[in-house]
Amino acid sequence: MVKTRVPEGGAILDQEEMTMEEYSEKMRKMMGFEYRGFINHIIKNIIPPENAKVLEIGPGPGWIGIWLAKERPDISVEGLEASPDMIRVAKKNAEAEGVAERVQYIHGIVENMENISNATYDLVISNDSLHHWDDPIKGFLEIARVMKPSGKLHIEDERRDLGFRGKFILYVIGPFIARKEWKWWKSSVYASYTPDEIRTFIEQANLANWIVKPNFMGISIEIK
Ligand SMILES: C[S@@+](CC[C@H](N)C(=O)[O-])C[C@H]1O[C@@H](n2cnc3c(N)ncnc32)[C@H](O)[C@@H]1O
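Residues numbered from 1 in each chain as written. Predicted model: local features only at pLDDT ≥ 70, side-chain atom pairs only at ≥ 80, totals over all residues.

A.B. asks: Just to check I follow, could you spell out the overall build of the protein chain for this structure?
C.D. replies: Summing up its helical and strand segments, the protein chain has 7 helices and 7 strands in all. Traced from its N-terminal end to its C-terminal end, the protein chain shows the element sequence α-β-α-β-α-β-β-α-β-α-α-α-β-β. On C-alpha atoms alone, the protein chain measures out to a radius of gyration of 17 Å, which is about the 17 Å that the 2.2 N^0.38 rule sets for 224 residues. The 224 residues of the protein chain split such that 39% are buried. Considering only contacts in the protein chain between residues 6 or more positions apart, those separated by 24 or more positions represent 76%. (Helix = DSSP H or I, 4+ residues; strand = E, 2+ residues; numbered from the N terminus. Rg over C-alpha atoms; globule rule 2.2 N^0.38 Å. Buried ≥ 20, exposed ≤ 12 C-beta atoms within 10 Å, placed from the backbone. Contact = placed C-beta atoms within 7 Å.)

Below, the structure is given as structure tokens:
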């Protein structure tokens, strides 16, 4: 039996116990390795075209888009982010990393990108944000609209229906590697969708060329 989903809410904002500057630093240290894996996959397997315009949904502190732009000096990245506090930090990070001219941020939500024209982006990416979206079907339809017909896609997130291996990593190894932040990890897992739920959203949005690729810890969504 898969547990009922427990939503985490949308935008992640400054909190009394932690500013988004502090969050950004924690994520850079704790998740940097995973971010590098995501970026390597984009560069080696998804292969953004020359001078690609990239949209990152829910960039948070922005490390993925920023480091991707450093690896590929021909591309530009726009981060569509629901949290003004995250945008404040991501802008500072892009400046400090010397890519502020090519990495910019838009305040908004994936479910409504009305200020963005159809067929704008060559590539849409997102990491660990899908489980925050209130309405994934609307979000998927909006992504499909702002993506060029030849556009590429790579979305990654957790999965709630972890099997034995996934649960072992989350519950036995997780507390040692994530320490105080373990509770965030666990809460993201229980806010996330199962591969079957995502397949149903894709079917309902009529996106026949989108495919869900599950692995033992999470899922990715790409174009077939
Ligand atoms: C867990 S963080 C992940 C941040 C970053 N992608 C990373 O991998 O570190 C999720 C981000 O998605 C943003 N977010 C939540 N709901 C959103 C929505 N509907 N549209 C756009 N961004 C959203 C949050 O504000 C937050 O910055």
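There's more to say after this.
A.B. asks: Whenever I open this one, the site of the ligand confuses me. Can you help?
C.D. replies: The environment of the ligand is formed by 23 residues, the closest being Gly58, Gly60, Ala82, Ser83 and His132. Those elements giving two or more residues to the shell around the ligand turn out to be α1 (20-46) and β2 (76-81). A breakdown of the residues in the shell around the ligand according to their chemical character gives 13 nonpolar, 7 polar and 3 charged. (Near = placed C-beta within 6 Å. Nonpolar A, V, L, I, M, F, W, Y, C, P; charged D, E, K, R; others polar.)

A.B. asks: Hey, could you run me through the sheet that holds strand β1 (residues 53-57) in this one?
C.D. replies: The strands that make up a sheet are held in pairs by hydrogen bonds between backbone atoms, and each pair lies either parallel or antiparallel. Spatial ordering of the open sheet is given by β3-β2-β1-β4-β5-β7-β6, a layout of 7 strands whose pairing is mixed. Each of the sheet's edge strands pairs with one partner strand only, and the pair in question is β3 (103-107) and β6 (210-214). Sheet twist, expressed as the average angle between the axes of neighbouring strands with direction ignored, equals 20°. As defined by bridge partners, strand β4 (residues 121-127) adjoins strand β5 (residues 147-158) across 6 bridges and the pair is classed as parallel. Bridging across to β5, Tyr121 finds its partner in Met147. (Pairing = 2+ DSSP bridges. Axes fitted to C-alpha atoms, helices over the stretch in contact; angles between N-to-C directions.)

A.B. asks: Would you explain the nonpolar core in this entry?
C.D. replies: It is characteristic of soluble globular proteins that their nonpolar side chains tend to be buried jointly. Counting 53 residues, the largest nonpolar core has Val54 and Val124 as its most contacted members. Looking at which element gives the most residues to this core, the answer is α1, with 7 residues. With residues near it in sequence (within four places) discarded, Val54 still touches Pro48, Ile75, Ser76, Val77, Tyr121, Asp122, Leu123 and Ile125. (Core = buried A, V, L, I, M, F, W, Y, C linked by C-beta atoms within 7 Å.)

A.B. asks: Is there a simple way to explain helix α5 (residues 164-178) in this structure?
C.D. replies: Three- or four-residue spacings in an α-helix give side chains the same orientation, since the helix completes a turn every 3.6 residues. The sharpest bend along α5 comes to roughly 40°, located at Val172, with the proline Pro175 sitting one to four residues further on. One or two steps after α5, the chain reaches Arg179, where phi turns positive at roughly 45°. (Bend = angle between axes of the 7 residues up to and from the residue.)

A.B. asks: Would you take a moment to explain unusual backbone geometry for this structure?
C.D. replies: Keep in mind that most residues, glycine aside, have a negative phi and that most peptide bonds are trans. Phi angles above zero are rare outside glycine, and Asn51 is one such case at about 55°. Residue placement: Asn51 occurs in the loop between α1 and β1.

A.B. asks: Would you take a moment to explain helix α7 (residues 195-204) for this structure?
C.D. replies: Three or more residues of α7 are buried, namely Ile198, Phe201 and Ile202. One side of α7 holds all its buried residues, which, seen down the axis, span an arc of 100°. Relative to its buried face, α7 has exposed residues pointing more than 90 degrees away, namely Glu203 and Gln204. Looking at the buried residues of α7, the elements they touch are α4 (136-146), β6 and β7 (218-223). Where α7 terminates, the next one or two residues include Asn206, which has phi positive at roughly 60°. (Arc of directions from axis to C-beta.)

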